[in-house]
Amino acid sequence: MPYNPPIAQIMLAMQSAGNLGAQGPGDLGAEDAAAILSEAGRFAAERIAPLNWTGDQHPAKLVDGTVVTPPNFAQTYRDWAAGGWNSLTGPAAHGGQDLPFLLLAACTELWNASCMAFALCPLLTTGAIEAIAAHGSDEIVQRYLPKMISGEWTGTMNLTEPQSGSDLSQLRCKAQRTPDGTYRLRGAKIYITYGAHDWTSNIVHLVLARLDDAPEGTRGISLFLVPKILPDGAQNDLQCQSLERKLGIHGAPTCTMVYGDNGGATGWLIGEENRGLACMFTMMNNARLLVGVQGVALASRATDAAISFAKERRQGRGPDGGSAPTPIIRHPDVKRMLTQMRAKTAAARMLCMATAAAIDASARAPSAEDRKAAAARAALLTPLAKAYATEIAVDVTAAAIQVHGGMGFIEETGVAQYHRDACILPIYEGTNGIQAIDLVSRKLGIAEGRTLAAFLQAARTALAACAGEAAAEVWIADLRQVSDQLLQAPNSALSLAAATPFLRALAALVAAGYLADASRLAQGTKVQHEAETDAAYFIAVELPAAVATAKTAMAGAAVLLAANFGG
């Protein structure tokens, strides 16, 4: 079915959770944002969306050592880059437009809803640009950023190795110093999205590797820029050895990259030796938010498809009587699924836009104190946005299959692809389990707990106005009780056992507050009824269930730890 960009819903989230136009002088206004989103939505619907089915049915291939992407991918990318879409948030000094990250998050939803396999490459390039801009030498910045910001060149991140997934301390990729100040890299990396392709003449790889004299563990990891094509025009000593066969995102090449088979791949140090993980996290933190936005994108697309199908599909007799068969959208259980899908999607979108706004404020707020506070908000929100939005993407896309019935299991309807594509989201850029561990072990205690307390108070105020003081106080008290237990022993086995349910509960509470605010902001607009329904359902059903699960998970953590599976 055609893609209908949800511009009004995205704008509502940008204005309510993202505080659009209120961050400071010179920031983007709502009218300009709407105009940009409208044009982005047009390109997404007309040019990118037709690639989704094509890419799924004609995956990227490795032919005689060259990766060939699906039909029309390369030309569409070049037209997309020529339109300036790759340069939205790039530094103006190097050809970027220096627009807010909030706008990039909104556009990222449009690109990924239309074709996630296509949109993955620009997402990673954005992260590489951020890392180089923050940590690269002046020479590196001048040489690489302008062409990456324009989209003439793309970027990747190379972390994972066969023996080292989430545990980066086990990295074996080696780097050696040379007299000319460059480094020679040798080793293999797996799961490298768009590590090779036919879109651009050069690909700039950011590679984690270990020097021979480096300390053990993560303290001994360095980050290197390793281009496919060297500054003198020669081919670097790297290659795509193979492509993975995957459950989803078939159009995106997922490469095994080999460095240094013929003497060593030439690389340049980014940041300081043995401090590469800190540099890479500049790239990964914002990428984690954009992965959350990918979850929103797929959930939104699947919800739209399910609603359209339910309006047309006729089965049985509805509870309101009338002649059979009736459109299935009149059946209460189908309404339940659709309402739940749309409310979860709206909640996830609110979390992502709030996180993007906090990232903007951490760089753009007028005072150092305000920037520090915003950075704390972004740090606390990022694991919530990434984990919650990607988790609901799997749930919502699965529900879309259920709404379609048997037709959902047939590939031609398209909803099965949304679900297959969504399954990677809770895994890459840090699994959702790792996001939960990060939350309870590091993020809850930020600013001596004041950041968490501010979120709880804001949610309490919004929910009290919507659901009443008594109900709001119960939810806040229950969640505060759990968070207090976690803060007392943030790295204990008991806390880690309850981390995932707590993350879901905190995400639901914060999102519910944003939905309540949005329902009031939407008064008199064309999305008023939708916003009111989403907020009412989420607050009545999703929020109490999530908070209750967190309480019971904490109570049952000891039982969980006692379980023995023979490992």
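Residues numbered from 1 in each chain as written. Predicted model: local features only at pLDDT ≥ 70, side-chain atom pairs only at ≥ 80, totals over all residues. Heavy atoms only, no water.

**Notes on the pattern of salt bridges**
In step 1: Enumeration according to the criterion identifies 24 salt bridges in this entry.
In step 2: Where Asp79 meets Arg47, a salt bridge forms, and the shortest distance between an N and an O atom there is 2.9 Å. Here Asp79 is found in helix 4 (residues 73–82), whereas its partner Arg47 is found in helix 2 (residues 30–48), with 32 residues between them in sequence.
In step 3: Take Asp79: its relative accessible area is 29%, and that puts it in the partly exposed class.
In step 4: Across the salt bridge formed by Arg442 and Asp438, the nearest N and O atoms sit 2.9 Å from each other. With Arg442 and Asp438 both in helix 12 (residues 432–443), this residue pair falls four residues apart, about one helical turn.
In step 5: For Arg442, a relative accessible area of 54% puts it in the exposed group.
In step 6: The network of salt bridges with common partners includes Glu39, Arg42 and Glu46. (Salt bridge = Lys/Arg side-chain N within 4 Å of Asp/Glu carboxyl O. Helix = DSSP H or I, 4+ residues; strand = E, 2+ residues; numbered from the N terminus. Buried < 20%, exposed > 50% of the residue type's maximum accessible area, 1.4 Å probe, protein only.)

**Some remarks on the packing of helix 2 against helix 5 (residues 101–114)**
Axis angle and axis distance: for two packed helices, these are the angle between their axes and the distance between the axes, and together they describe the pair.
In step 1: In contact at an axis separation of 9 Å, helix 2 and helix 5 are set at 20° when each is read in the N-to-C sense. It follows that helix 2 is roughly parallel to helix 5 by the angle criterion. Of the two elements, helix 2 crosses helix 5, and the hand of that crossing is right-handed. For the pair helix 2 and helix 5, the contacting residues are Ile36, Leu37, Ala40, Gly41, Phe43, Ala44 and Ile48 in the first and Leu103, Ala106, Cys107, Leu110, Trp111 and Ser114 in the second.
In step 2: Residue classes in the contact of helix 2 with helix 5 are distributed as 11 nonpolar, two polar and no charged. (Axes fitted to C-alpha atoms, helices over the stretch in contact; angles between N-to-C directions. Parallel < 35°, antiparallel > 145°, perpendicular 65-115°, else oblique. Left-handed = near helix turned anticlockwise from the far one by under 90°. Contact = heavy atoms within 4.5 Å. Nonpolar A, V, L, I, M, F, W, Y, C, P; charged D, E, K, R; others polar.)

**Considerations on the environment of Ser201**
In step 1: Note on placement: Ser201 falls in the loop between strand 5 (183–193) and strand 6 (203–211).
In step 2: A distance of 3.5 Å separates a polar atom in the side chain of Ser201 from a polar atom in the side chain of Trp153. (Polar contact = N/O pair within 3.5 Å; in protein donor to acceptor, adjacent residues only side chain to side chain.)

**With respect to the packing of helix 10 (residues 368–404) against helix 16 (residues 499–521)**
In step 1: Between helix 10 and helix 16, the least distance of the axes is 9 Å, while the angle of their chain directions is 95°. With respect to helix 16, the axis of helix 10 lies roughly perpendicular. Across the interface between the two elements, Leu381, Pro383, Leu384, Ala387, Tyr388 and Glu391 from helix 10 touch Leu503, Arg504, Leu506, Ala507, Val510 and Tyr514 from helix 16.
In step 2: Tallied by class, residues from the contact of helix 10 with helix 16 come to 10 nonpolar, no polar and two charged.

**Structural notes on a nonpolar patch on the surface**
In step 1: The grouping of Leu494, Leu560 and Leu561 at the surface amounts to a nonpolar patch, some 260 Å² of accessible area in total.
In step 2: Within the fold, Leu494 resides in helix 15 (residues 493–497).
In step 3: Look at Leu494 and you get partly exposed, because its relative accessible area is 40%. (Patch = residues over 30% accessible without salt bridge, like charges linked within 9 Å, V, L, I, M, F, W, Y side chains within 5 Å. Areas by Shrake-Rupley, 256 points an atom, 1.4 Å probe, with all protein chains shown as cover.)

**Quick notes on the pairing of strand 5**
In step 1: Here strand 4 (residues 174–177) runs beside strand 5; their pairing, made up of four bridges, is antiparallel. If you follow Ala175 over to strand 5, its bridge partner there is Leu185.
In step 2: Here strand 4 hands over to strand 5 after five residues, with Gly181 in that stretch at a positive phi of 90°.
In step 3: Looking at chain direction, strand 5 and strand 9 (residues 254–259) are connected through five bridges and run antiparallel. (Pairing = 2+ DSSP bridges.)

**Notes on helix 8 (residues 276–312)**
The periodicity of an α-helix, 3.6 residues per turn, causes residues three or four places apart in sequence to face the same way.
In step 1: Look at helix 8: 54 Å from first C-alpha to last across 37 residues, which is about the 54 Å you get at 1.5 Å a residue.
In step 2: At Thr282, helix 8 shows its maximal kink, close to 30°.
In step 3: With 28 of 37 residues buried, helix 8 is to be regarded as a mostly interior element. (Expected span 1.5 Å × (residues − 1). Bend = angle between axes of the 7 residues up to and from the residue.)

**Describing the environment of Met1**
In step 1: Along the polypeptide, Met1 turns up in the segment before helix 1 (7–16).
In step 2: Look at Met1 and you get partly exposed, because its relative accessible area is 45%.
In step 3: Residues Met1 and Gly414 lie 413 residues apart in sequence; the distance between their C-alpha atoms is 8.1 Å.
In step 4: Residues contacting Met1, with those up to four places away along its chain left out, are Arg301, Asp304, Ala305 and Ser308.

**A short note on the side chain of Thr125**
In step 1: Along the polypeptide, Thr125 turns up in helix 6 (residues 116–135).
In step 2: Once you skip the residues sitting within four places of it in the chain, Thr125 turns out to touch Asn86, Met148, Trp153, Thr154 and Gly155.

**Some points on the side chain of His197**
In step 1: Within the secondary structure, His197 sits in the loop between strand 5 and strand 6.
In step 2: Here Thr154 takes part through its side chain, which lies 2.8 Å from a polar atom of the side chain of His197.
In step 3: Among the polar contacts listed, one links the side chain of His197 to the backbone nitrogen of Trp199, at a separation of 3.0 Å.

**What about the packing of aromatic side chains?**
In step 1: Considering all chains together, one arrives at 10 aromatic pairs under this definition.
In step 2: Their ring planes at 25° and their centres at 4.8 Å tell us that Tyr77 and Trp199 sit as a pair that is stacked. Taken as a pair, Tyr77 in helix 4 and Trp199 in the loop between strand 5 and strand 6 lie far apart in primary sequence, 122 residues in all. Residue Tyr77 shares its accessibility class with Trp199, and that shared class is buried.
In step 3: With 5.3 Å between their ring centres and 35° between their planes, Phe118 and Trp199 make a pair best called tilted. With Phe118 in helix 6 and Trp199 in the loop between strand 5 and strand 6, this residue pair connects regions lying 81 residues apart in the sequence. The pair formed by Phe118 and Trp199 is uniform in burial state, with each residue classed as buried.
In step 4: One aromatic cluster is present, built from ring pairs that chain together Phe73, Tyr77, Trp80, Trp85, Trp111, Phe118, Tyr194 and Trp199. (Phe/Tyr/Trp six-rings, centres within 6.5 Å; stacked < 30°, edge-to-face > 60°.)

**Section: the nonpolar core**
In step 1: Membership of the largest hydrophobic core comes to 176 residues, with the highest contact counts inside it found for Met14, Leu37, Trp111, Leu206 and Leu506.
In step 2: When residues in this core are grouped by element, the largest group, 19 residues, is from helix 8.
In step 3: Excluding residues that lie within four positions of it along the chain, Leu37 makes contacts with Ile7, Ile10, Met11, Met14, Leu103, Ala106, Cys107 and Leu110.
In step 4: If you look at the next biggest cluster of nonpolar residues, it comprises 20 residues, including Val67, Ala175, Val226 and Cys255. (Core = buried A, V, L, I, M, F, W, Y, C linked by side-chain atoms within 4.5 Å.)

**Describing helix 10**
In step 1: In a regular helix each residue adds 1.5 Å, so 37 residues correspond to 54 Å; helix 10 covers 52 Å between its end C-alpha atoms and thus fits that length.
In step 2: At Leu381, helix 10 is deflected by roughly 35°, the largest bend along its length, and proline Pro383 occurs up to four residues later in sequence.
In step 3: Gly405 lies just past helix 10 and shows a positive phi near 65°.

**Things to note about unusual backbone geometry**
Peptide bonds are trans in most cases, and residues, glycine excluded, mostly fall at negative phi.
In step 1: We note that Asn19 has phi near 55°; this positive angle belongs to a residue other than glycine.
In step 2: With respect to the helices and strands, the residue Asn19 is situated in the loop between helix 1 and helix 2.
In step 3: On the basis of relative accessibility, which here comes to 40%, the residue Asn19 falls in the partly exposed class.
In step 4: Unusually for a residue other than glycine, Asp64 sits at a positive phi of about 50°.

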